[in-house]
Amino acid sequence: MVDGKGLSTRHLSATIDDLLASGAVALGEAGGGQTLGGGAQEYRFIPQAFLQEFGVEMTPAAARRLKNAVLGRYLDPVDGLSNSKLTDELEHCGLSGVTEADRVRDIITQSVMPSVALSLAGFDEIAREAERVGYPAIFHNAAPSAKRLMAAVEKYPKARLVAGHSNHPSFLPDEAVSIAQNLRRKGAIIDVSTLDCIGTRWRNDPSNLDALIDAGCVDTISTDFAGGYWDGILEAIQRMIRKKQLSVAEAVALATGNVARVFTQMAGDRGLIEKGKRADLIVVDHVNLSRVRHVVIAGCIVVRNGRLI
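Residues numbered from 1 in each chain as written. Predicted model: local features only at pLDDT ≥ 70, side-chain atom pairs only at ≥ 80, totals over all residues. Heavy atoms only, no water.

**Student:** Whenever I open this one, the overall build of the protein chain confuses me. Can you help?
**Tutor:** Looking only at helices and strands, the protein chain has 13 helices and nine strands in total. Over its C-alpha trace the protein chain gives a radius of gyration of 21 Å, about what one expects of a compact globule, namely 19 Å for 309 residues. When the backbone C-alpha atoms are referred to their principal axes, the protein chain occupies close to 65 × 45 × 40 Å. Each of the 309 residues in the protein chain was classed as buried or not, and the buried ones make up 43%. Looking at the protein chain alone, contacts between residues at least 24 apart form 67% of all its contacts between residues at least 6 apart. Carbon together with sulfur atoms contributes 53% to the accessible area of the protein chain, which is approximately 16,100 Å² in total. (Helix = DSSP H or I, 4+ residues; strand = E, 2+ residues; numbered from the N terminus. Rg over C-alpha atoms; globule rule 2.2 N^0.38 Å. Buried < 20%, exposed > 50% of the residue type's maximum accessible area, 1.4 Å probe, protein only. Contact = heavy atoms within 4.5 Å. Areas by Shrake-Rupley, 256 points an atom, 1.4 Å probe, with all protein chains shown as cover.)

What follows is the structure in structure tokens.
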């Protein structure tokens, strides 16, 4: 449960204007996996609750399966399974006999739901502030928050709103594409994240990422946290090129020029190879773009053929 106990007076007295004046370059992330039933609930909070209650370790995959069984992908208890089917899910997850279905329902609901309403209420606030101050704002785009994000995009058309990790695993592939296309038509910037879906495959796979790239509705690419197991952006770019989804220039732009055009306060001197821009460059292998050969910082070579010099 997110209760704010870790916030000090300094945090509570901070304002958006003060932080922007101190050098912040964007607002957000509005919402998150901790507060909207996302990945952090699956790899940390729900397993932590089960460990404290029963002394058993739960995998993130099992936490996701049980969370969806109790609350559904849209975090609506009405979508939850019956106790008999939930008992079957416990058996599938190797947790048969640990506890009863009702207790599982209570633990997951108490872990996930208390923060949801407050987190969604922040969407309208952050969108309004983004329009006021002229800075971009990043939003948690997932099944439980997509409807609220759509409403914010419609209500604040002058704001630069970034639909973060639009390939979130709570979406089905066709659903991810439909929502992204709708958001983009209304003016949102569509971001996808590598998460752990390229090579690591700890919890996620590339189905949603591939679908969005194939549909041609992606503007930027990020990593997100993914419990610390995120894959590199260059690995995702290499995948897009190997699968012939995008040209090299189009794929690279997702991580460079497109980002600079969205986050203008940060990227005035970077993002493109042009006279007057920062001479911070990487040179990658032409067959495998995820392999970095040379690194140039401020015009000086600091890594040559993979070796720090």
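That covers the picture; the talk isn't over yet.
**Student:** It is not clear to me how the sheet that holds strand β7 (residues 292–297) should be interpreted in this structure. Could you clarify?
**Tutor:** Here four strands make up an open sheet; going across it, the order is β6-β7-β8-β9 and the pairing antiparallel. Single-partner strands in this sheet number two, and they are β6 (281–284) and β9 (307–308). Bridge analysis of β7 against strand β8 (residues 300–304) gives three bridges, and the strand direction is antiparallel. When the sheet's bridge partners are listed, V295 is paired in β8 with V303. (Pairing = 2+ DSSP bridges.)

**Student:** Would you mind going over helix α9 (residues 173–185) with me for this structure?
**Tutor:** Residues lying three or four places apart along an α-helix face the same way, a consequence of the helix completing one turn every 3.6 residues. The end-to-end C-alpha separation of α9 is 18 Å, in line with the 18 Å expected for 13 residues at 1.5 Å each. Listed in full, the buried residues belonging to α9 are E175, A176, V177, I179, A180 and L183. Taken together, the buried residues of α9 touch α8 (146–155), β3 (161–164), β4 (189–193) and α10 (207–215). Phi for G187, located one or two positions after α9, is positive at around 110°. (Expected span 1.5 Å × (residues − 1).)

**Student:** It is not clear to me how the packing of aromatic side chains should be interpreted in this structure. Could you clarify?
**Tutor:** One pair of aromatic rings is described through two measures. These are the centre distance and the angle between the planes. The full count for this structure, using the stated rule, is five aromatic pairs. With 6.1 Å between their ring centres and 40° between their planes, F225 and W230 make a pair best called tilted. Looking at F225, the relative accessible area reads 46%, which means it is partly exposed. Three or more aromatic residues link up through ring pairs in this structure, and these residues are Y43, W202 and Y229. (Phe/Tyr/Trp six-rings, centres within 6.5 Å; stacked < 30°, edge-to-face > 60°.)

**Student:** Mind showing me how you'd approach the sheet that holds β4 here?
**Tutor:** Where strands meet in a sheet, backbone hydrogen bonds hold them as pairs that are either parallel or antiparallel. The parallel open sheet is built from five strands, whose spatial order is β1-β2-β3-β4-β5. In the strand order of this sheet, the two ends are held by β1 (27–30) and β5 (220–222), each with one partner. Averaged over all pairs of adjacent strands, the angle between strand axes in this sheet comes to 25°, irrespective of strand direction. Summarising the sheet, β4 and β5 pair through three bridges and their orientation is parallel. Across the sheet, residue D191 finds its bridge partner in β5, namely T220. (Axes fitted to C-alpha atoms, helices over the stretch in contact; angles between N-to-C directions.)

**Student:** Would you mind showing me how to read the environment of H165 here?
**Tutor:** Inspection of the secondary structure assignment puts H165 in the loop between β3 and α9. When its relative accessible area of 4% is taken as the criterion, H165 is described as buried. Sequence separation of H165 and L195 is 30 residues, and the distance between their C-alpha atoms is 8.4 Å. Excluding anything up to four places from it in sequence, H165 contacts E29, H140, N141, D191, V192, S193 and D224. For H165, the side chain forms a polar contact with the side chain of E29, separated by 3.2 Å. Only 3.2 Å separates the side chain of H165 from the backbone oxygen of N141, close enough to count as a polar contact. (Polar contact = N/O pair within 3.5 Å; in protein donor to acceptor, adjacent residues only side chain to side chain.)

**Student:** Please explain the packing of helix α5 (residues 83–92) against helix α6 (residues 101–112) as it appears in this structure.
**Tutor:** Packed helices, taken two at a time, are described by the angle between their axes plus the distance between the axes. Look at α5 against α6: their axes get within 9 Å of each other, and the N-to-C directions meet at 80°. By the angle between their directions, the pair α5 and α6 is classed as roughly perpendicular. Touching N83, L86, T87 and L90 of α5 are A101, D102, V104 and R105, all from α6. Of the residues belonging to the contact of α5 with α6, the class tally is four nonpolar, two polar and two charged. (Parallel < 35°, antiparallel > 145°, perpendicular 65-115°, else oblique. Nonpolar A, V, L, I, M, F, W, Y, C, P; charged D, E, K, R; others polar.)

**Student:** Where do I start with the pairing of strand β2 (residues 137–140) in this structure?
**Tutor:** Along any regular strand, the residues point their side chains to alternate faces of the sheet. As judged from the two bridges shared by β1 and β2, these two strands associate in the parallel manner. Looking at β2, one finds that L27 is bridged to A137. With four bridges joining them, β2 and β3 adopt parallel strand pairing. Note on β3: the bridge partner recorded for F139 is A163.

**Student:** What should I look at first to understand the nonpolar core in this one?
**Tutor:** Considering soluble globular proteins, one finds that nonpolar side chains tend to be buried as a cluster. Among the nonpolar cores identified, the biggest contains 68 residues, and L66, I108, F139, L161 and L183 are the most heavily contacted of them. Here this core takes seven residues from helix α7 (residues 116–133), the largest share from any one element. Excluding residues that lie within four positions of it along the chain, L66 makes contacts with F50, M58, L86, E89, L90, C93, L95 and I108. Within the second largest apolar cluster, five residues are counted, among which are I189, V259, V262 and F263. (Core = buried A, V, L, I, M, F, W, Y, C linked by side-chain atoms within 4.5 Å.)

**Student:** Please clarify how the side chain of S193 should be interpreted in this entry.
**Tutor:** Position of S193 among the secondary structure elements: in strand β4. A residue is classified by how much of its surface remains accessible, and S193, at 1% relative accessible area, is buried. Among residues more than four places away in sequence, those in contact with S193 are H165, N167, S222, T223 and D224.

Interpretation note: all reported values are geometric properties and have no functional meaning in isolation.
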